[in-house]
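In case you want the letters, here they are:
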Amino acid sequence: MNAFINGLPKAELHLHIEGSLEPELMFDLAGRNKITLPFASVEAVRAAYAFSNLQDFLDIYYQGAQVLLTEEDFRDLAMAYFRRLAADGGVHAEIFFDPQTHTDRGIPFSVVIDGLLAGMAWAERTLGVTSKLILCFLRHLPEDAALATLKAAEPYLDRLTGVGLDSSEMGFPPSGFVQVFTAARERGLKLVAHAGEEGPPDYIRQALDLLKVDRIDHGNRALEDHRLVSRLAAESMTLTVCPLSNLKLCVVDDLKTHPIKQMLDLGLKATINSDDPAYFGGYLGENWHQTAAALDLDRTDLIQLAKNSFTGSFLSPADIEGHLARIDAYVARSV
Ligand code: ADE
Ligand code: ZN
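Our subject in this report is the structure included herewith. (Residues numbered from 1 in each chain as written. Chains lettered and ligands numbered in written order. Predicted model: local features only at pLDDT ≥ 70, side-chain atom pairs only at ≥ 80, totals over all residues. Heavy atoms only, no water.)

## Examining the layout of surface pockets
Test applied: A 1.4 Å probe that fits but cannot get out identifies a cavity on a 1 Å grid over protein atoms alone, an open set with protein on both sides within 12 Å along at least five of seven lines counts as a pocket, and a residue lines either if it has an atom within 4 Å of a point. Grid points are joined across faces, edges and corners, and a volume is the space filled by probe spheres set on the points. Basically, the charged four are Asp, Glu, Lys and Arg, the nonpolar ten are Ala, Val, Leu, Ile, Met, Phe, Trp, Tyr, Cys and Pro, and anything else, Gly included, counts as polar.
Roughly 200 Å³ of internal volume is contained in the largest pocket. Around the largest pocket sit 13 residues that line it, and Asn220, Arg221, Val251, Val252 and Pro259 are the ones nearest its centre. Its residues assigned to classes, the lining of the largest pocket shows six nonpolar, three polar and four charged.

## So, the packing of aromatic side chains
This is how the line gets drawn: What counts as a ring pair is set by centres within 6.5 Å for rings of Phe, Tyr and Trp (its six-membered ring), and what kind of pair is set by the plane angle: stacked under 30 degrees, edge-to-face over 60, tilted for all other angles. Strands here are runs of E lasting at least two residues and helices are runs of H or I lasting at least four, both read from the DSSP assignment and numbered beginning at the N terminus. Relative accessibility decides the category of a residue: with a 1.4 Å probe and only protein chains considered, values under 20% of the type maximum give buried, values over 50% give exposed, and everything between is partly exposed. Charge over a ring is defined by NZ of Lys or CZ of Arg lying within 6 Å of the ring centre and within 35 degrees of the ring normal.
For the structure on display, the rule yields 14 aromatic pairs. Ring centres of phenylalanine 57 and tyrosine 61 lie 5.0 Å apart, and the angle between their planes is 40°; this geometry places the pair in the tilted category. Separated by four residues within a single helix, phenylalanine 57 and tyrosine 61 lie in helix 4 (residues 54–64), roughly one turn from each other. Classification of phenylalanine 57 by relative accessible area gives buried; the value is 2%. Following the ring pairs from residue to residue traces out a cluster consisting of Tyr49, Phe51, Phe57, Tyr61, Tyr62, Tyr279 and Phe280. The ring of tryptophan 288 is capped by lysine 10, whose NZ or CZ atom sits 6.0 Å from the centre of that ring. Over the ring of phenylalanine 4 we find arginine 299, and its NZ or CZ is 4.4 Å from the ring centre.

## Some remarks on helix 11 (residues 226–234)
How we decide: Directions from the helix axis toward the C-beta atoms define the arc. Any pair of nitrogen or oxygen atoms within 3.5 Å is treated as a polar contact; in protein, a donor-acceptor pairing is required on top of that, and neighbouring residues in sequence qualify only through side-chain atoms on both sides.
Three or more residues of helix 11 are buried, namely Leu228, Val229 and Leu232. For helix 11, the buried positions fall inside an angular range of 100° around the axis, keeping them on one side. The outward face of helix 11, more than 90 degrees from its buried face, is lined by the exposed residues His226, Arg227 and Ala234. Between the side-chain oxygen at the start of helix 11 and the backbone nitrogen of arginine 227 there is a gap of 3.1 Å, and the oxygen is on aspartate 225. Following helix 11 by one or two positions, serine 236 adopts a phi angle in the positive range, close to 50°.

## Some details on the site of ligand 1
In plain terms, the rule: For each residue, the test is whether any non-hydrogen atom lies within 4 Å of the molecule or strand; if one does, the residue is near. Per-residue and other accessible areas follow the Shrake-Rupley method at a 1.4 Å probe size, with only the shown protein chains counted as cover for residues. Those molecules having more than half of their atoms within 2 Å of a cavity or pocket grid point set are described as sitting in that cavity or pocket.
In the vicinity of ligand 1, the residues found are His16, Leu54, Phe57, Leu58, Tyr61, Asp166, Ser167, His194, Glu197, His218, Asp275 and Asp276. One of the backbone nitrogen or oxygen atoms of serine 167 is found 2.8 Å away from a nitrogen atom of ligand 1. Note that a nitrogen atom of ligand 1 is positioned 2.7 Å from one of the side-chain N or O atoms of aspartate 276. For ligand 1, whose accessible area on its own is 260 Å², the fraction buried by protein is 100%. Cavity membership is defined here by more than half of the atoms lying within 2 Å of grid points; on that basis ligand 1 lies in the largest cavity. Sort the elements by how many residues they give to the shell around ligand 1 and helix 4 lands first, with four residues.

## Here we look at empty space enclosed by the protein
For the coordinates displayed, the defined rule picks out one cavity of 30 Å³ or more. Among the elements that make up the lining of the largest cavity, the one with the highest residue count is helix 4 (five residues). For the lining of the largest cavity, the residue count by class is six nonpolar, four polar and five charged.

## What about the coordination of the zinc ion (ligand 2)?
To be explicit about the condition: Note that water is not among the atoms considered, so a metal site may appear incomplete; the donors listed are N, O and S atoms within 2.8 Å of the metal, with 3.2 Å applied to Na, K and Ca. Tetrahedral means four donors with every angle between 85 and 135 degrees, whereas square planar (four donors) and octahedral (six donors) require angles over 155 degrees between opposite donors and between 65 and 115 for all others; sites fitting neither are termed irregular.
Bound to the zinc ion (ligand 2) are the protein donor atoms His14 (NE2), His16 (NE2), His194 (NE2) and Asp275 (OD), situated 2.1 to 2.2 Å from the metal. With four donor atoms in place around the zinc ion (ligand 2) and angles of 84 to 175° between them, the coordination shape is irregular. Sequence spacing of the donors to the zinc ion (ligand 2): H-x1-H-x177-H-x80-D. Each member of the pair, histidine 14 together with histidine 16, is buried.

## Some points on the pattern of salt bridges
This is how the line gets drawn: By convention in these notes, a salt bridge is any Lys or Arg side-chain nitrogen within 4 Å of a carboxyl oxygen on Asp or Glu.
Scanning all chains against the criterion turns up 16 salt bridges. With its nearest N and O atoms 3.0 Å apart, the salt bridge here joins arginine 205 to aspartate 225. Of the two residues, arginine 205 sits in helix 10 (residues 201–211) while aspartate 225 sits in the loop between strand 6 (215–218) and helix 11, which places them 20 residues apart along the sequence. We classify arginine 205 as partly exposed; its relative accessible area is 22%. A salt bridge links aspartate 328 to lysine 307; the nearest nitrogen and oxygen atoms lie 2.8 Å apart.

## A short note on the nonpolar core
Note on soluble globular proteins: their nonpolar side chains tend to be buried together. Where we set the bar: In these notes, a set of buried Ala, Val, Leu, Ile, Met, Phe, Trp, Tyr and Cys residues joined through side-chain atoms within 4.5 Å is what counts as a nonpolar core. Any two residues whose heavy atoms approach within 4.5 Å are treated as being in contact.
Within the largest apolar cluster, 109 residues are counted, with the highest numbers of intra-cluster contacts made by Phe82, Phe97, Phe181 and Tyr279. At nine residues, helix 7 (residues 109–127) tops the list of elements feeding residues into this core. If we ignore the near neighbours within four places in the chain, the residues touching phenylalanine 181 are Phe137, Val163, Gly164, Leu165, Leu191, Val192, Leu211 and Val213. One finds Phe96, Cys136, Val192 and Phe314 within the second-largest nonpolar core, a separate group that totals five residues.

## Things to note about the sheet that holds strand 2 (residues 90–97)
Each strand in a sheet pairs with another by means of backbone hydrogen bonds, the pair being arranged parallel or else antiparallel. Our working rule: Note on pairing: DSSP must find at least two bridges between two strands before they are called paired. Under this scheme, a helix contributes an axis fitted over its contacting stretch, all axes are lines through C-alpha atoms, and angles between N-to-C directions fall in the 0 to 180 degree range.
With parallel pairing, eight strands are arranged side by side in an open sheet as 1-2-3-4-5-6-7-8. Both outer strands of the open sheet, strand 1 (10–16) and strand 8 (269–272), are each paired with one neighbouring strand and no more. On average, adjacent strands in this sheet sit at an angle of 25° to one another, irrespective of strand direction. Two elements, strand 1 and strand 2, share five bridges in a ladder whose sense is parallel. Looking at the pairing, glutamate 12 lines up with alanine 93 of strand 2.

Just distances and angles here, no functional claims.
As structure tokens, this is what we get:
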């Protein structure tokens, strides 16, 4: 089944580029930028990656991002991610970045985004992997800071596909970000939000009703509310589910009880994604392999998940059709 998964054309729709910072690159960049890390070795960094909830992880993730200073740093980070994605049979990615993590340290917005765009252009040229960029607002900061970030992004609106909402979920409901999401929608941007990773089903409802999102990132806790499940299924709302992340952040106890198979069986448009692969023990392929093995997913499930990753993307209808046709051709070849 792993060989079948590797060859299956796949898209990744939930990936924080800062969460793809491997400890090796962290040390390289720290050396290049003359920054002293609070860890003695790559092994010591990896040993610190034991989390019991989202906040445990976020504390170390924001600390790690501090080695990123220059445009080259952001470009190299993106290039490293795309190499891993291509090796796993990924052909398209819609990547999140957290500008406030960097601008609050004095790094200009342009340095962050120009570096990432350079990495994305390299990936398309060299690996044939396409990508789109989604700017995430940090929800533990005030909405005014998100509005200022959207303003800083004005010169780049033609190169941004959407905005998202991430960071600490509990206590920071979507209702606090209506103004900035409305402004982003008026500028023609797509909208996504993390909801239902740790937060209750009501946060998912708020993301739908108040923010008017096009996708829900995670969405696990929707399963606690039957009416919400029916609505998400009826609206064909894409859920960008992250199995290894859920395991590492104790959203699930065991991959064998991960809800993604149940989501598919309920008619929900679930997708498999890696979230922060350097921190959670696996890139896109590893998420697919481990989930398929733990839940005994069959070919029908895998094909559905691959198709969902494109129909749930922000690619053009023609591009989506092309990817779906490539999936069908691949499946026909690999009977
Ligand atoms: N930022 C990076 N990864 C995240 C996650 N899984 N949830 C919320 N914010 C994040
Ligand atoms: Zn995430």
